[in-house]
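Per-entry structural report
Letter by letter, the chains look like this.
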Amino acid sequence: MPLPAPPPPAALRAALRHGTDDLHMRLDAGIGPLTTKAEYLAYLQGSFAFRAAIEPALHAAAEAAGWAPIRLAPTIAEDLATLGLARPRPVTAPALEGLPAIAGALYVLEGSALGGVLIARRAAALGYGPDSGAAHLHRQTARPGRWRAFLAWMEGHDLDPRPSVAAARTVFGVALLAYGQAPDPAGPRSKPKANGT
Ligand code: HEM
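Residues numbered from 1 in each chain as written. Predicted model: local features only at pLDDT ≥ 70, side-chain atom pairs only at ≥ 80, totals over all residues.

**Examining the nonpolar core**
For clarity, the threshold we go by: Definition of nonpolar core: a set of buried Ala, Val, Leu, Ile, Met, Phe, Trp, Tyr and Cys residues joined via C-beta atoms within 7 Å. Any residue surrounded by 20 or more other C-beta atoms within 10 Å of its C-beta is treated as buried, while 12 or fewer makes it exposed and the intermediate range makes it partly exposed; C-beta atoms here are placed from the backbone. Think of it this way: any DSSP run of H or I at least four residues long counts as a helix, any run of E at least two long counts as a strand, and we number them from the N terminus.
With 48 residues, the main nonpolar core has F50, A105, A168, V171 and A175 as its most contacted residues. Those elements that place two or more of their residues in this core are α1 (11-31), α2 (37-65), α3 (73-82), α4 (99-125), α6 (146-155) and α7 (161-178). Here the element with the most residues in this core is α4; it accounts for 11 residues.

**A word on the site of the ligand**
Heads up, the condition is: Nearness here is judged by the C-beta atom: place it from the backbone, and if it falls within 6 Å of a molecule or strand, the residue counts as near that partner. We call Asp, Glu, Lys and Arg charged. Ala, Val, Leu, Ile, Met, Phe, Trp, Tyr, Cys and Pro are nonpolar, and the rest, Gly among them, are polar.
Not every one of the 15 residues close to the ligand is listed here, only the nearest: R17, G111, S112, L114 and G115. Breaking the shell around the ligand down by element, the ones donating at least two residues are α1 and α4. Looking at the shell around the ligand element by element, the count peaks at 8 residues for α4. Of the residues assigned to the shell around the ligand, the class counts are 8 nonpolar, 4 polar and 3 charged.

**Quick look at the packing of α4 against α6**
The cut-off we apply is this: Axis lines are fitted through C-alpha atoms, for helices just across the contact stretch, and the angle between N-to-C directions can take any value from 0 to 180 degrees. When an angle is under 35 degrees it counts as roughly parallel; over 145 it counts as roughly antiparallel; between 65 and 115 it counts as roughly perpendicular; any other value is oblique. Working rule for handedness: look at the near helix, and if it is turned counterclockwise from the far one by less than a right angle, call the crossing left-handed; if clockwise, right-handed. Each residue gets a C-beta atom placed from its backbone, and two residues are in contact if those atoms lie within 7 Å.
Close contact between α4 and α6 brings their axes to 10 Å; oriented N to C, the two are set at 165 degrees. Judged by the angle between their axes, α4 and α6 are roughly antiparallel. In terms of crossing hand, the pair formed by α4 and α6 is left-handed. Across the interface between the two elements, A103, Y107, E110, A113 and L114 of α4 pack against R146, W147, F150 and M154 of α6. Considered class by class, the residues forming the contact of α4 with α6 number 7 nonpolar, no polar and 2 charged.

**Brief notes about α2**
The condition is simple: Multiplying 1.5 Å by the helix residue count minus one yields the expected span of that helix. Bend angle per residue: angle between axes fitted to the 7 residues ending at that residue and the 7 residues starting there.
For α2, with 29 residues, the first-to-last C-alpha span of 39 Å sits near the 42 Å given by 1.5 Å per residue. The sharpest bend along α2 measures roughly 45 degrees and falls at H59. Immediately downstream of α2, the backbone of G66 shows phi near 105 degrees, a positive value.

By themselves, these observations are geometric and do not establish any function.
If you want it as structure tokens, here you go:
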């Protein structure tokens, strides 16, 4: 009997991972180790500014394409209220058109739940649990099989990686802005000042 065909290589995920890991590292470093309450509160505010911008921009198109992302912004808003913090203004969301771009953007949202496991542990060590300011982390990480299901959905579409990686980088840029970091290391905030200024 012939052996079953091997599963297709996870080419798109690899392209997305390698195409965005510089931005992920910058985001992670900017958010910090979350060893203080102030760091966690800043993380919560950044998460709201990010998710409240990107979720409405993505939701309808993602559902039409067959993947329903978790709407986390309302739960983050509850966490902010629990901790007596105001909701920050959402950053500006980019236009995301076409399945490759939608998939690349979803990769960033779904992948963030992987780091969410670690972040939930750090938040718990600071005293933030499901009823005390970290409900969104518990929602985000409640289904460990979700990531595999997402990858199967994404890899099942035979998408061009270039627009996917471009969209994922755009969405990481939105996250960098939302968490208060310069979106581009060569961007305006880090350019040397002109002579005489
Ligand atoms: C302090 C903040 C963060 C930490 C410590 C962190 C950490 C991690 C870790 C450890 C993983 C790999 C998990 C595994 O392979 O099991 C991961 C994956 C990922 N994270 Fe983060 N993360 C952080 C914030 C974020 C944010 C804010 C986003 C998006 C806005 C994000 C997007 C991703 C993505 C897309 C992946 C999947 C990469 C892959 O293809 O394997 N992360 N993160």
